[in-house]
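Breakdown of the fold
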Amino acid sequence: MVCGLGWLAATGTASAHGGSLAGGGRESLTIPTWLFLSTGGAAVGASFLLASFVTDRAFVERIHDWGRPLSGDYEHVLEYAGQLIGLAGLAAVFVVGFLGPTNARTNLAILLVWVGWWAGLAMTTYLVGNSWATLNPFKTLARLLPTLDRSYPTRVGSWPAVGGLLVLVWLEVVSPLADQPRLLASVVAGYTVLTLAGALVFGPDDWFGYADPVERVFGYYGRFAPIGRDEDGLRLRLPGMDLSTPRLVDGPDEVAFVVALLWVTTYDGLVTTPAWRDLTTPIVAAGVPPHLLYPVALAVGFAGFLGVYRLAVRLSRDMSETYLTPAVLAQRFAPPLVAIAVGYHFAHYLGYFLVLAPSLAVALSSPFADPAVVPTVDLPAWFGAVALASVIVGHLVAIWVAHAAAYDLFPARLQAIRSQYPFIAVMVFYTMTSLWVVSQPEVALPHL
């Protein structure tokens, strides 16, 4: 497996990730970068002050308890239809990926995975609800197969999902998966075998509940959505409010996964900035292999994000003077980071999806055709403001969710407010980092 991944990373010339299909989607700002970043950071800090000193515990509870039931008799019909659609999509990736046109801009497998699934479906997950829980073809197939039902090792927890997420993003970035349909179909086939093998040994519930990184990504994204499921069925609520659910993140492994989700979304855009190119050019010139540089940067960046978060946890415990352990605080305040990841994912992929949605529609109507010209959408110049606004909105929701979690943890209002100081500093850091990446012009992935 390790040899196969190394071969995959070294195969061909990577045009980077799925976003390369649409070309450079980001443009540089016309205002000073320092002014733009400081304004975004100030907006996050000001929202914390507003949430802290204008709201009270009763108001926070009313906001989080608001909702409307949506359950009905149609749920089972939608479930079966979703499972069939998921299986049809997986079959299309295999058939068209191996037998269809080799042009990435016209191949349905390429467009379905990057445009339809990772951009379009992922956005519907946090904008509407987690349909991947039903569409997931790997889970559908796993439930049809027998299982050895071995006990999943509790000490392992979700660490395989953490490693799996980092590996998948590394492959997305350094390998030509967005350019070579046969290679993409082969990787999906390998992922299918690995996933079904895990479900065969440990059972579908444990495998997809702990070890599968894709299931966990969509599961956390779905917690942001205004439509979710509770013990009474489907329910309409305010976006992001379900992120304040106690024990949503339970253990250091799940904390690490949430931080990894935030980091890989940032890393995906960071490696296509001019600053990354300028920073890595002398490093590569000094003899460091580019294919080693990218995974090392991915691991170091993840360790840095996780280290900053853990530092904030320790400072929060000292400032709040609480008996709660750092582990408890880390788990309780990790879910707000999902809102930040959602805002940045939306900023990174909305334009990409809109540009290539007509190409996906054409490929769906004629999966084996290879037209010389494929339709795309030209986005207006003001569209970049939508991406920047989504980053800010994601951070504002994160502040609110963290504020609500603090009120739930600490009995005294000032204690709850003081506990948030380190986390607000971290969120301002994350905000300015995300805004900086979004504000940079997009360049081709260097050295690969």
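Residues numbered from 1 in each chain as written. Predicted model: local features only at pLDDT ≥ 70, side-chain atom pairs only at ≥ 80, totals over all residues. Heavy atoms only, no water.

**Thoughts on the overall build of the protein chain**
The criterion, for reference: Under the DSSP-based scheme used, a helix requires at least four consecutive residues in state H or I and a strand at least two consecutive residues in state E, with every element numbered from the N terminus. The buried label goes to any residue with under 20% of its type's maximum accessible area, the exposed label to any with over 50%, and the partly exposed label to all in between, with areas taken from a 1.4 Å probe on protein chains only. The contact criterion used throughout is that any non-hydrogen atoms of two residues lie within 4.5 Å. Reported accessibility uses the Shrake-Rupley method at a 1.4 Å probe radius. Residues are deemed covered only where the shown protein chains occlude them.
Tallying secondary structure elements over the protein chain gives 18 helices and 3 strands in all. Across the 448 residues that make up the protein chain, the buried fraction comes to 51%. Pairs at least 24 apart in sequence give 84% of the contacts found in the protein chain among residues at least 6 apart. Total accessible area on the protein chain stands at roughly 19500 Å², and carbon and sulfur atoms take up 68% of it.

**Regarding the packing of helix H14 (residues 290-320) against helix H18 (residues 413-439)**
Spelled out, the test is: Here, axes are lines fitted to C-alpha atoms. For helices the fit covers the stretch in contact, and angles between N-to-C directions go from 0 to 180 degrees. Working definition: roughly parallel below 35 degrees, roughly antiparallel above 145 degrees, roughly perpendicular at 65 to 115 degrees, and oblique for all remaining angles. Crossing chirality is assigned from the near helix's rotation relative to the far helix, an anticlockwise turn below a right angle marking it left-handed and a clockwise turn marking it right-handed. Charged residues are taken to be Asp, Glu, Lys and Arg, nonpolar residues to be Ala, Val, Leu, Ile, Met, Phe, Trp, Tyr, Cys and Pro, and polar residues to be all remaining types, Gly included.
With their axes 8 Å apart at the nearest point, H14 and H18 run at an angle of 160° to one another. By the angle between their axes, H14 is roughly antiparallel relative to H18. Taken as a pair, H14 and H18 cross one another with a handedness that is right-handed. Together, Phe305, Val308, Tyr309, Ala312, Val313, Leu315, Ser316, Met319 and Ser320 of H14 and Gln415, Arg418, Ser419, Tyr421, Pro422, Phe423, Val426, Phe429 and Tyr430 of H18 make up the contact between the two elements. The residue makeup of the contact of H14 with H18, split by class, is 13 nonpolar, 4 polar and 1 charged.

**Things to note about the packing of helix H5 (residues 108-127) against helix H11 (residues 213-222)**
Across the interface, H5 lies against H11 with an axial gap of 7 Å and an inter-helix angle of 40°. As far as their axial angle goes, H11 and H5 are oblique. Where H5 crosses over H11, the handedness of that crossing is right-handed. Residues Trp117, Trp118, Leu121, Ala122, Thr125 and Tyr126 of H5 form the contact with H11, whose own contacting residues are Val214, Val217, Phe218, Tyr221 and Gly222.

**Here's the deal with helix H7 (residues 137-144)**
In plain terms, the rule: Throughout this description, a polar contact denotes any pair of N or O atoms lying within 3.5 Å of each other; where both atoms belong to protein, one of them has to be capable of donating a hydrogen while the other can accept it, and for residues adjacent in sequence the pair is counted only when both atoms sit in side chains.
Among the residues of H7, Pro137, Phe138, Lys139, Thr140 and Ala142 are the ones counted as buried. Sitting at the amino-terminal end of H7 is Asn136, which places a side-chain oxygen 3.0 Å from the backbone nitrogen of Phe138.

**Side note on unusual backbone geometry**
One non-glycine residue with positive phi stands out, namely Asp149, at about 55°. Among the structural elements, Asp149 can be located in the loop between H7 and helix H8 (159-174). Look at Glu321: it is not a glycine, yet its phi comes out positive at around 50°. With respect to the secondary-structure elements, Glu321 resides in the loop between H14 and helix H15 (326-332). Judged by its relative accessible area of 66%, Glu321 is exposed.

**Things to note about the pattern of salt bridges**
Stated formally: Any Lys or Arg side-chain nitrogen found within 4 Å of a carboxyl oxygen on Asp or Glu counts as a salt bridge.
Inspection of the entire model under this criterion finds 8 salt bridges. For Arg143, the salt bridge goes to Asp205, with nearest N and O atoms at 3.2 Å. In this pair, Arg143 is assigned in helix H7 and Asp205 in helix H10 (residues 204-211), connecting sequence segments 62 residues apart. Using a relative accessible area of 56% as the deciding quantity, one classes Asp205 as exposed. Between Asp408 and Arg332 there is a salt bridge whose closest N-O contact spans 2.7 Å. On the criterion of sequence distance, the pair formed by Asp408 in helix H17 (residues 384-409) and Arg332 in helix H15 is long-range, its members being 76 residues apart. One network of salt bridges, with partners in common, ties together Arg223, Arg237 and Asp242.

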